[in-house]
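Fold and geometry: a report
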Amino acid sequence: MTSPSQTLDAGLSPGAGLRTRPDRGRGTGFTTMVRHEGRLWWGRRWLVQAVLWTVLLDGLLLALLWIAEQAGSSGMRLEQPAVGVAEVFPQYLGVAVLLSTIGVVVLSQSVMLDERRDGTLEWVLSKPVSRTAIVLAKFTAHVLPILLVVVVVPWAGVYGVLSWASGAAWPLGEFAVVVALVGLLLGFTVALTLLLGTWTTSRGLVIGVPIAAGMVYDGAHALVRDLAGQLPFPWELTTSATAVAAGAGLVSVVPVVATVGWIVAVVAATAWRFEREEVG
Amino acid sequence: MDTVTVADERTESVGDRALVVETRGLAKRFGDVEAVRSVDLAVPAHSIFGFLGPNGAGKTTTLRMLVGLLTPSAGTGRVLGADLAGDGLALRRRIGYLPQQPRFYPDLTARETLQFTAGFFFRPGPGVDRRIDDLVELVGLQDRAERPVGAFSGGERQRLGLAQAQLHGPELLILDEPAAGLDPLGRRDVLDLMERLRDRTTVLYSTHILDDVQRVSDTVAIVSHGTMVAQAPIDQLLAGTEGAVYRLSTRGPTAAIRDRLARLSWVRDVQVHGDPHAADWAVAVDDETAADHHLLRIVLEDPALSVTDFGRRTFELEDVFLRIVEEATS
């Protein structure tokens, strides 16, 4: 360590060209954090993930279509391939949503957890940054790229596969609604994973609970089939999306509105918990 | 030794110097564990304040409370005039903090780490870049600035930690074991840096390395089992509290002079160990001025006695530290 302290003094003088960031209350530090979190995605990572999920989800659809075609050629629905695609798509949705949920949880499980476990958080929190700003920055910076690589890019491929398999452009409006419903559910999953990342340091719980919650809900859902697509829970969106994919339209907007509310509530709960985080 | 300074006396001991950190009965409990029981700190402005204690004494927990990373279970405190229970954001703009064993984002380079840190204080610009260049040079990381922090050694992380802590020119630097993990040269550099910073900031640091404290600190606090057991300017601490004691080493008969000294009104006690060929004296006095003027002269008046060493007894910080901690423990 050799340099003169006078240089450092001069470096802080009014003429040194340093422009101080203003205090923004609970938003203080948001810009810096969101920029940092974002850079974790916008290198090669998003491209690799987008290719991976496109291969996985589009490959799954192609595989299901191939199986349906094989079944048809063995005497079941040979002369009506378009009808076959329309039947395969709703069935594909359930598996695709489950796979995507697992992917989203895996991609977002470390967002809160790693810094709490490895000690980086102590350093970050010693800076003028609001804890609420950290939570909002992490949610914002991760939910958008995650939805891009797990939903937008792969499902653009899904649209292409559906159109190709059916021999005509797949109904775009209906498809867009399905994608939006899936995206909303996965957005909630990101929020839930972040919340768990502030409550526990167990990686198993952070990964397991969001995946298990969806499975348990699906199991319990069988008990109230009459209310399918109408219950105010995020996992109901799978039922809603399946109905839309099957051409039955959106049964109810209740799950959609409720999920938006759940996302807001879960992010708020994450911020509330994180404000009470004790480092040490 | 009775070097414990209670809060009221302590406030007097810092005289007119403004207090940058002041706590009363600061405590922290984790479940059933009392990590900090009662800490009364008074850190004067522009001091290099050493915060000492055995492992698990509560040093790191106390520092974390001062930074706002932990909420005190009891007690009050003010840092740079701001209440610990108040706006932590505003306070953290004015302090720099080096955690014990600092951890940074491993994929960022040292320069990117400093840019990230600067983002909390300043808008990007050439002034920030210059500032970062200066800091990288100051902590001797020029050759490592573009390498990922994940590949840094403990000492390099410590240097980076020191750089990020002072990036915004804080009024108070809180350093948790700043010399830990550094080789002797690195330790020397850190101490030099702390001394250079004294003019423009206050340094509150914890450490186990007592030699370092004795070298650079002007005030010291000792904490044991979560309770502060001593706080004083280091000169006062090293002088002891049993009054001034002068030490002599002599050759020749000691009885006559010993009796003469014992009769003096300003001499409290005379202890002589050894034999006529080589005796060691400990003369405790109540009047230091009288002792400074007369003690050596009186001893030299005896032509049969020669003095080979004379001076006022001081203690090594290690002696003081061990004594205080052992007394507190017992």
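Please read these numbers as outputs of a predicted model, since none were measured by experiment.

Conventions adopted
Residues numbered from 1 in each chain as written. Chains lettered and ligands numbered in written order. Predicted model: local features only at pLDDT ≥ 70, side-chain atom pairs only at ≥ 80, totals over all residues. Pairing = 2+ DSSP bridges. Helix = DSSP H or I, 4+ residues; strand = E, 2+ residues; numbered from the N terminus. Axes fitted to C-alpha atoms, helices over the stretch in contact; angles between N-to-C directions. Core = buried A, V, L, I, M, F, W, Y, C linked by C-beta atoms within 7 Å. Buried ≥ 20, exposed ≤ 12 C-beta atoms within 10 Å, placed from the backbone. Contact = placed C-beta atoms within 7 Å. Right-handed = clockwise from strand over helix to strand, strands pointing away.

Turning our attention to the sheet that holds strand β13 (residues 244–251) of chain B. All names here are of chain B. Taken in spatial order, the four strands of this open sheet run β14-β15-β13-β16, and their pairing is antiparallel. Two strands lie at the open edges of the sheet, namely β14 (267–275) and β16 (306–312), each paired on one side alone. On average, adjacent strands in this sheet sit at an angle of 15° to one another, irrespective of strand direction. Relative to strand β15 (residues 278–285), β14 runs antiparallel, the two sharing eight bridges.

The next thing to look at is the nonpolar core. Among the nonpolar cores identified, the biggest contains 153 residues, and A191 of chain A together with I174 and I222 of chain B are the most heavily contacted of them. Looking at this core, the element that brings in the most residues is helix α7 (residues 131–166) of chain A, giving 18 residues. Sequence-distant contacts of A191 of chain A, defined by excluding residues within four places in its chain, comprise F139, I263, V266 and V267 of chain A. Among the nonpolar cores identified, the runner-up in size contains 13 residues, and L248, I257, V267 and A291 of chain B belong to it.

Residues and elements named next belong to chain B. Summarising burial for strand β9 (residues 172–176): five of the five residues are buried, a large majority. Across four bridges, the pairing between strand β7 (residues 95–98) and β9 is parallel. If you follow L98 over to β9, its bridge partner there is L175. Sheet analysis places β9 next to strand β10 (residues 202–207), joined by five bridges and oriented parallel. Note on β10: the bridge partner recorded for D176 is S206. Following the chain from β9 across helix α7 (residues 184–197) to the adjacent parallel β10, one finds a crossover that is right-handed.

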